Amino acid sequence: MRIGNLQLASNLLLAPMAGYCDLAFRLAVRPLGGLGLACTSLISSRGFIEGFRTSKHLMRTCPKDRPLCVQLHGPDAVVMSDAARLAVELGAAVIDINMGCPAGKVTRGNGGAAWLRRPGDAARMAETVVKSVDVPVTVKVRLGPDDEHIVAPELARRFAEVGVAALTVHGRTTAQRFSGKVHLERIAEAVSAAGEMPTIGNGDVKTPQDAVAMIERTGCAGVMIGRGALRDPWIFRDTDSFLRTGSVPPPPAIAERVALIRRHFDYVASMESEHRTCHMIRQRISWYAKKLGPCKRFKEQVRAVDSVMKFHQYVDEFLAEVD
Ligand SMILES: Cc1cc2nc3c(=O)[nH]c(=O)nc-3n(C[C@H](O)[C@H](O)[C@H](O)COP(=O)(O)O)c2cc1C
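Numbering of residues starts from 1 in each chain and follows the order in which that chain's sequence is written. Per-residue local features of the predicted model are confined to residues with pLDDT of at least 70, and side-chain atom pairs are confined, for both listing and counting, to 80 or more; whole-chain, interface and lining totals are unaffected and use all residues. Water and hydrogen atoms play no part in the side-chain values, which are based on all heavy atoms of the structure.

A. Inspection of the packing of helix H13 (residues 274–289) against helix H14 (residues 296–303) at higher detail. Remark: H13 packs on H14, axes separated minimally by 8 Å, with the N-to-C direction vectors making an angle of 160 degrees. Judged by the inter-axis angle, H13 sits roughly antiparallel to H14. Considering only the axes of H13 and H14, their crossing is left-handed. In this structure, H13 uses Ile 281, Arg 282, Ile 285, Ser 286 and Ala 289 to contact H14, whose residues at the interface are Phe 298, Lys 299, Val 302 and Arg 303. What counts as an axis is a line fitted to C-alpha atoms, over the stretch in contact for a helix, and the angles between N-to-C directions run from 0 to 180 degrees. Secondary structure elements are defined from DSSP: runs of H or I of at least 4 residues count as helices, runs of E of at least 2 residues count as strands, and each element is numbered from the N terminus. Each angle is binned into one of four classes, with values under 35 degrees roughly parallel, values over 145 roughly antiparallel, values of 65 to 115 roughly perpendicular, and all other values oblique. We call a crossing left-handed when the near helix sits turned anticlockwise from the far one by less than a right angle, and right-handed when that turn is clockwise. The contact criterion used is simple: two residues touch if any of their non-hydrogen atoms lie within 4.5 Å.

So this is what it looks like as structure tokens:
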């Protein structure tokens, strides 16, 4: 799959997920294979150019974290363009504009999903950003504000006209937030309207078979996976293999899964305080635990962990149990 001038190794993308898709997670997932493009969490364009600590933190990257898509949000095309240029200087191969975030703190400022209510302005905003950087610019949307106002097809048409390189459609409306099902047929309408512009389908892909259904039922060129990758970071490797060969490699052994958790933890520990590192793993262990088999005691221990040393001790004990 190509996004503008960028040839991706696969048509599978790691979704932006605030609080989850940070540098440490991306570095842990990339070597497992199958991933075409990974995205940062959404970053405030104003916070970024004004040098706010949180935005700088979210923008952290390194040469191993490639290719990288940086997702920006905000209401102002000039600020967004400045932020996009800065992100490119720092290593972004793709700039994504968030037009789907339903969170009040983003929409109240007229960013995120608020753009879905103003398709003409949304296209003008995208056009300004497209003209301000020499890397591909993509946009991520939901279907529309609610069931009565489905705008993804109209936006697809408008974005294609102004040179947006690809569009991601999360198949829910803003009103739906994360409830209900993803509407594949509505993603399909946006895919048709997009013409030559590649469209990436997103929502509820948890298995390679779900990805095939997304592609077959919508005609999308690529698939973006979010929560499925928190549960099983091997989903990109497995889905890529399934799409290319029709078969999925044998699942990683529990010890391999635990090694990944440890690697992720160590990356965070190398960048953050002990307190933040423990907070991260307490937040993430329930996702990882879904694929660890019986692991109640280990999960409970890690959910309360308060030191790096204890984390490694719990891991060693768990590994001895499953050996
Ligand atoms: C915890 C969390 C944080 C998210 N943060 C972002 C974000 O920063 N930017 C964005 O465009 N979407 C964000 N999303 C939405 C996801 O990118 C994706 O569209 C959604 O989760 C549906 O895909 P999935 O079913 O594969 O998870 C977030 C979702 C979750 C669960």
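From this point, things continue past the structure.
B. View of the pairing of strand S10 (residues 199–202). Note on exposure labels: buried denotes an accessible area under 20% of the residue type's maximum, exposed denotes more than 50%, and partly exposed covers the range between, all computed with a 1.4 Å probe on protein chains only. Residues Thr 199 and Gly 201 of S10 are buried on one face, and the alternating residues Ile 200 and Asn 202, pointing to the opposite face, are buried as well. Bridging between strand S9 (residues 166–170) and S10 involves four bridges; their strand directions are parallel. Across the sheet, the residue bridging to His 170 is Asn 202, located in S10. Seen with the strands pointing away from the viewer, any crossover whose path from the first strand over the helix to the second strand runs clockwise is right-handed. Once you follow S9 into helix H8 (residues 184–194) and on to S10, the crossover reads as right-handed. Any two strands between which DSSP finds at least two bridges are classified as paired. As judged from the three bridges shared by S10 and strand S11 (residues 222–225), these two strands associate in the parallel manner. Note that in S11 the partner of Ile 200 across the bridge is Gly 222. After leaving S10, the chain enters helix H9 (residues 208–218) and then returns to the sheet as S11, a path that is right-handed.

C. Expanded view of the site of the ligand. Here a residue is considered near a molecule or strand provided that any single heavy atom belonging to it is located within 4 Å of it. In the vicinity of the ligand there are 17 residues, among which Pro 16, Gln 71, Asn 202, Asp 204 and Arg 227 approach most closely. Any pair of nitrogen or oxygen atoms within 3.5 Å is treated as a polar contact; in protein, a donor-acceptor pairing is required on top of that, and neighbouring residues in sequence qualify only through side-chain atoms on both sides. In the environment of the ligand, an oxygen atom lies 2.7 Å from a nitrogen or oxygen atom belonging to the backbone of Asp 204. Bound to the protein, the ligand loses 87% of the 600 Å² it would expose on its own. Only Asp, Glu, Lys and Arg are considered charged, only Ala, Val, Leu, Ile, Met, Phe, Trp, Tyr, Cys and Pro nonpolar, and every remaining residue, Gly among them, polar. Looking at the shell around the ligand, its residues break down into eight nonpolar, six polar and three charged. For accessible areas, the Shrake-Rupley method is used with a probe of radius 1.4 Å. Any residue's cover is judged against the shown protein chains and nothing else.

All quantities given are derived from atomic positions and should not be read as evidence of function.
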